[in-house]
Amino acid sequence: MKSLAELDKLREKLQEEMRLREGKEDVKVVVTMGTCGIASGAREVLTAILEEISKRGLKGVTVTQTGCAGLCHCEPLVEVERPGRDKVTYGHVDEKKAREIVVSHLVNGQIIKEWTIK
Amino acid sequence: MELYRAHVLVCAGAGCISSGCQAVKSALEESIDRLGLKREVKVVETGCMGPCDLGPVIVVYPEGVFYRQLKPADAVEIAEEHLLKGRVVERLLYKAPENGKTAVTSDQIDFFKKQTRIALRNTGIINPESVEEYIARDGYRALGKVLTTMTPQEVIECIKKSGLRGRGGAGFPTGLKWEFSAKAPGKPRYVVCNADEGDPGAFMDRSILEGDPHSVLEAMAICGYAIGSNQGYVYVRAEYPLAVQRLSLAIEKAREYGLLGENIFGTGFSFDVEIRVGAGAFVCGEETALLASIEGRRGEPRPRPPFPAQEGLWGKPTVINNVETWANIPPIILKGPEWFASIGTEKSKGTKVFALAGKVNNTGLVEVPMGTTLREIIFDIGGGIPGGKQFKAAQTGGPSGGCIPARYLDVPVDYESLTRLGAIMGSGGLIIMDEDTCMVDLARFFLEFVQDESCGKCSPCRIGTKRMLEIVERITRGEGRDGDIELLEELGHGIKSSALCGLGQTAPNPVLSTIRHFRDEYEAHIYHKKCPAGVCRALMVYAIDEEKCNGCGRCALVCPAGAVYGEKKKPHRIDLEKCLRCGTCMEKCKFGAIYTI
C-alpha cells in the first residue's frame, strides 16, 4: 500500500462485493425462480445478469430471486425495482435479453417497453 | 472481484464451532455445489455473531434471514428451499421464547435490536481471514488518516477527548496512558496488546481476535505512530488457538498489503507486530507480569510505580491496552472523539461488551452503551432467567469483581456505579445467577480460583487467600463458627491493602461483596447450619414425603450408603446417620417424594 488514495480505490472496489450485507436501498433485480421459472431457463438468465453487472462494474444493484409469481406462461420473469419507482416486469426473458436489460435499463435507465408485461 | 446474488454467513466463533458449525458449513457447500449455485451464492465464515446458545447460526443476505440451531440436514434444506427456490425455511427461524413470535431477520430479534456495536462492528459480519473484507468496511482508513493528516500529538488529543477508558478492568483513561508513554524518556518504545483474558466466563477479547483481528492491528499501529514506537506485541493465551491462528494470518496479510512493515502508506512510518503466546496463567493478565512473560521471564508482577507507560518492556516506555480497548480506536479516529463521547454516561464513554453467561436465556456476547441498566441487559437482551426462576444476582468482573443483587437491577452500568456497589466493571464477564445459587459457595469457587492462580510472590495473596478459602470451605461444610464473617472481612481488607498486584488486591472482592449483600446467607450457614439455596451438600437433610412415596424401592436400590430403608409398597425412610447427602435418591425418585429441608 503506497498511499491512502490507493487504499481508497481498493476499498471502493471491495465495497461493491460487500454491499449485500449492508441492507442499503438498492436497485433490485429479482428473477422469479419457481419450478416454472427454472424449467424455462431462469438460472441462465440470473447468471447472465450477474456476469453483465460484474463486467460493467455496476454499483448499487442487488440481484436476488423469488418464487413463482403466478405468471408461469411468461417465465422467465425479471423484475427491476428502483427505490421510489414502480416495479417493471419483463417476461419471456432469455440470456440475450437479460444482458440487454442490464445495459438498457440499469445502465442507461431506458425501460425496454416491448418486453414488459402488465 | 466476484459478484454474487447471495452471501451466506456462517458463524465460526468458538461457540458455534463447538456446536458443530463446520459440519453445517460442509453440508451447505456440498448442496450449493450439487444444485449448481456456486457461481451465485458465496459462503463466508465469520467470527462470533453473539447469540452463542443459538449456534450453529447462519445469516443469508441480501435479505438478512437468520437461521439458528442448525444441523447438517437443515443446511441441505436451506440450500434447496431458500437458496434455490427463494423460499424462507420457517421452521429454522428464531422464535422468541417469551411469546413464540417468529423473527425472520436478525434486526427483528431483541437480542440484536438493543445493541450498539462499536468494538464488535465487524465481528460476525466479515470474514476474519480476509483483509479485503476488513478494508471494504473502512479498515485501515483510520491508520491512513492518522499517518497522512494528523500529528502524533493530535492523535493523543483525539483519544483523550473521546473519553475512552481501558476495557481490561481498571478503566484508566487510554489517551492519558498514551501521553505518558509519548513523553517518557527512553527509546525504543513498545505497544502491547493484552489478550490474556482469564476471567471465568469472559470471552469478548477472544471473539474480537477471532472475528476482527485487523481492528486490533490497525489500532496498535495508530498508537505506534502516536507514541513513536515501531514494534508491537500481542500477548495471547495458548488456550485460544483459533485467535492465535487468525491473528497470525491477519499479520501476514497486513504485511502483504504493506499495512504493517516498512514505510506504511509511503509516509516513512514503520510498524510491525509479533505474537507472544502465554501459557495461560491468570496472573499474566496483570500488566507487569505480562511484560515479564514477554521478556521470557517468570510471569510474576512487580510493584508499581514505575508504571509500564514509563518503564515497561525491557525497561522502555510501553503502552499496554486490552483487546477491546484497541478495537474502539479506529472508529474514534474516523468518526471523531465527539461522536464517541456522545455515547455513554458522564464519566464512562462509549460502549461495553459483556459476555453473558450463567442462568440467562440468551447467553453470548452483547455490546451496549455505558449506562445501560442491568435489567435491560439481562431481561431485554438476555431474555430473562430460564425456567421461570427468580433473578438473584449478577457477578461482574470475575474473580476480581463482585455481586450485584436484584435490588440494584436498575442502576446504570458504568465504571463508577459498579465500584460503588462493591463490584467492578472488569473485563466484562457477566455471570447471571438465579435463586438456586448459594452465594457462599460462589465465593468459595472464586477463592479457589485465585488460590490456584496466585503466583505466590507476595504473602498476603499466597497465604491470605488460602486462609480465607479454608474459612469459607469450613462454612460450606457446616462447621462455621461465630466470628467467621468478621474474620473474613478483616482478612479481606488486609489483603486488599497489602497485596502486590491487581490479582491479590482484588482477590477478596467476591467474598467481601457477597458478605455485603448476602450476609444473611453466611449467617444461615454458620448459625442455623442451613444452605438456603440448597447447594452446600453437607448442610442438606433429605427426607421422604410419606404421602407421595409408594414404596417402589428405587431409592433404596441406588443409595450407595444403604441409608434408605423400608418395606416394599410402603413409605420408605432415610437413616440420617448413614446418609452421605449425595442426592442420588432424590434424582432417581420418579414421584418427587424426596425433598430437602
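Rules used in this analysis
- Residues numbered from 1 in each chain as written.
- Chains lettered and ligands numbered in written order.
- Predicted model: local features only at pLDDT ≥ 70, side-chain atom pairs only at ≥ 80, totals over all residues.
- Heavy atoms only, no water.
- Helix = DSSP H or I, 4+ residues; strand = E, 2+ residues; numbered from the N terminus.
- Buried < 20%, exposed > 50% of the residue type's maximum accessible area, 1.4 Å probe, protein only.
- Contact = heavy atoms within 4.5 Å.
- Buried area = accessible area lost by both parts, 1.4 Å probe.
- Salt bridge = Lys/Arg side-chain N within 4 Å of Asp/Glu carboxyl O.
- Polar contact = N/O pair within 3.5 Å; in protein donor to acceptor, adjacent residues only side chain to side chain.
- Nonpolar A, V, L, I, M, F, W, Y, C, P; charged D, E, K, R; others polar.
- Pairing = 2+ DSSP bridges.
- Phe/Tyr/Trp six-rings, centres within 6.5 Å; stacked < 30°, edge-to-face > 60°.
- Lys NZ or Arg CZ within 6 Å of the ring centre and 35° of its normal.
- Core = buried A, V, L, I, M, F, W, Y, C linked by side-chain atoms within 4.5 Å.
- Axes fitted to C-alpha atoms, helices over the stretch in contact; angles between N-to-C directions.
- Parallel < 35°, antiparallel > 145°, perpendicular 65-115°, else oblique.
- Left-handed = near helix turned anticlockwise from the far one by under 90°.

Omega for the bond connecting E75 of chain A with P76 of chain A falls within 30 degrees of zero, at -10°, which places this linkage in the cis form. Position of P76 of chain A relative to the elements: it lies in the loop between β2 (61-66) and β3 (78-81). For the bond from K187 of chain B to P188 of chain B, the omega torsion is -5°, close enough to zero to count as cis. Note that P188 of chain B resides in the loop between α8 (174-183) and β7 (190-195). Phi is positive for D138 of chain B, which is not a glycine, with a value near 70°. Mapped onto the secondary structure, D138 of chain B falls in the loop between α5 (131-136) and α6 (141-149). What makes D138 of chain B partly exposed here is its relative accessible area of 29%.

Now for the interface of chain B and chain A. Tallying the contact residues gives 42 residues for chain B and 32 residues for chain A. Between chain B and chain A, a total of about 3200 Å² is buried, with carbon and sulfur atoms accounting for 61% of that surface. At the boundary of chain B and chain A, one finds 4 salt bridges. E40 of chain B is the partner of R43 of chain A in a salt bridge, and the nearest nitrogen-oxygen pair spans 3.0 Å. At the surface where chain B touches chain A, the tally comes to 11 residue pairs in polar contact (both at pLDDT 80 or more). Put simply, the parts of the chain that give the side of chain B that touches chain A at least two residues each are β1 (6-11), β2 (41-46), α3 (72-85), α5 and α6 of chain B. Taken together, the residues of the side of chain B that touches chain A break down into 19 nonpolar, 10 polar and 13 charged.

Among the secondary structure elements, S31 of chain B is positioned in helix α2 (residues 21-34). Excluding residues within four positions of it along the chain, S31 of chain B makes contact with V76 and A79 of chain B.

The next point concerns the pattern of salt bridges. Two side chains with opposite charge may pair up if their charged atoms get near one another. Residues and elements named next belong to chain A. Under the counting rule described, the total for this entry stands at 55 salt bridges over all chains. Two residues, R56 and E52, come together in a salt bridge whose shortest N-O distance is 3.0 Å. Linking R56 with E52, this pair stays in helix α3 (residues 42-56), spanning 4 residues, or about one helical turn. For R56, a relative accessible area of 43% corresponds to the partly exposed category.

Another point: the pairing of β2 of chain A. Every regular strand shows the same layout, with side chains that alternate between the two sheet faces. Residue and element names in this part refer to chain A. Among the 6 residues that make up β2, 5 are buried, leaving the element largely enclosed by the rest of the structure. Across 6 bridges, the pairing between strand β1 (residues 27-32) and β2 is parallel. By the bridge assignment, T32 is partnered in β2 with T66.

So, on to the packing of aromatic side chains. All names here are of chain B. For the structure on display, the rule yields 14 aromatic pairs over all chains. Relative to Y140, the ring of Y134 has its centre 5.3 Å away and its plane inclined at 85°; by these criteria the two rings are edge-to-face. For the pair Y134 and Y140, a shared accessibility class is recorded, and that class is buried. Members of the aromatic cluster, connected to one another through ring pairs, are F66, F111 and F112. Of note, R206 hangs over the ring of Y240, and the distance from its end group to the ring centre comes to 5.8 Å. When the ring centre of F354 is taken as origin, the NZ or CZ atom of K352, which lies over that ring, is 5.9 Å away.

By size, the foremost hydrophobic cluster in this structure holds 73 residues, and its most contacted members are Y140, W178 and W326 of chain B. The leading source of residues in this core is helix α10 (residues 213-227) of chain B, at 10 residues. Those residues within four positions of Y140 of chain B in sequence are excluded, and the remaining contacts are L7 of chain A together with V131, Y134, I135, H214, L217, E218, A254, L259 and F265 of chain B. If you look at the next biggest cluster of nonpolar residues, it comprises 65 residues, including V10, V59, V89 and L421 of chain B.

Residues and elements named next belong to chain B. It is at 9 Å that the axes of helix α17 (residues 439-453) and helix α18 (residues 459-476) come closest, and there the two elements cross at 150°. The pairing of α17 with α18 is recorded here as roughly antiparallel in orientation. Here the hand of the crossing between α17 and α18 comes out left-handed. Taking contact as the criterion, the partners of V440, D441, R444, L447, E448, V450 and Q451 in α17 are, on α18, C461, R462, T465, K466, M468, L469, V472, E473, I475 and T476. Class assignment for the residues of the contact of α17 with α18 results in 8 nonpolar, 3 polar and 6 charged.

Before going further, it helps to examine the sheet that holds strand β3 (residues 58-61) of chain B. Residues and elements named next belong to chain B. Pairing is mixed in the open sheet, where 4 strands are placed in the order β2-β1-β3-β4. Because the sheet does not close on itself, it has two edges, and the strands there are β2 and β4 (65-67). When strand polarity is set aside, the average angle formed by the axes of neighbouring strands in this sheet is 20°. Here 3 bridges tie β3 to β4, and the two strands are oriented antiparallel to one another. The residue bridging V59 from the neighbouring strand is F66, located in β4.

Residues and elements named next belong to chain B. Overall, mixed pairing links the 5 strands, which are arranged β9-β10-β8-β7-β11 in an open sheet. Here the strands that pair on one side only, and so sit at the sheet edges, are β9 (261-264) and β11 (318-322). Averaged over neighbouring strand pairs, the angle between their axes works out to 25° when direction is ignored. As judged from the 5 bridges shared by β7 and β11, these two strands associate in the parallel manner. Among the inter-strand pairings, V191 is bridged to a residue of β11, identified as V319.

This part takes up the packing of helix α1 (residues 4-18) of chain A against α6 of chain B. In the contact formed by α1 of chain A and α6 of chain B, the axes pass within 10 Å of each other and the chain directions differ by 160°. If you check the angle between α1 of chain A and α6 of chain B, you find them roughly antiparallel. In this structure, α1 of chain A meets α6 of chain B at a crossing whose hand is left-handed. Contact residues: L4, L7, D8 and R11 of chain A in α1 of chain A; R141, G144, K145 and T148 of chain B in α6 of chain B. A breakdown of the residues in the contact of α1 of chain A with α6 of chain B according to their chemical character gives 2 nonpolar, 2 polar and 4 charged.

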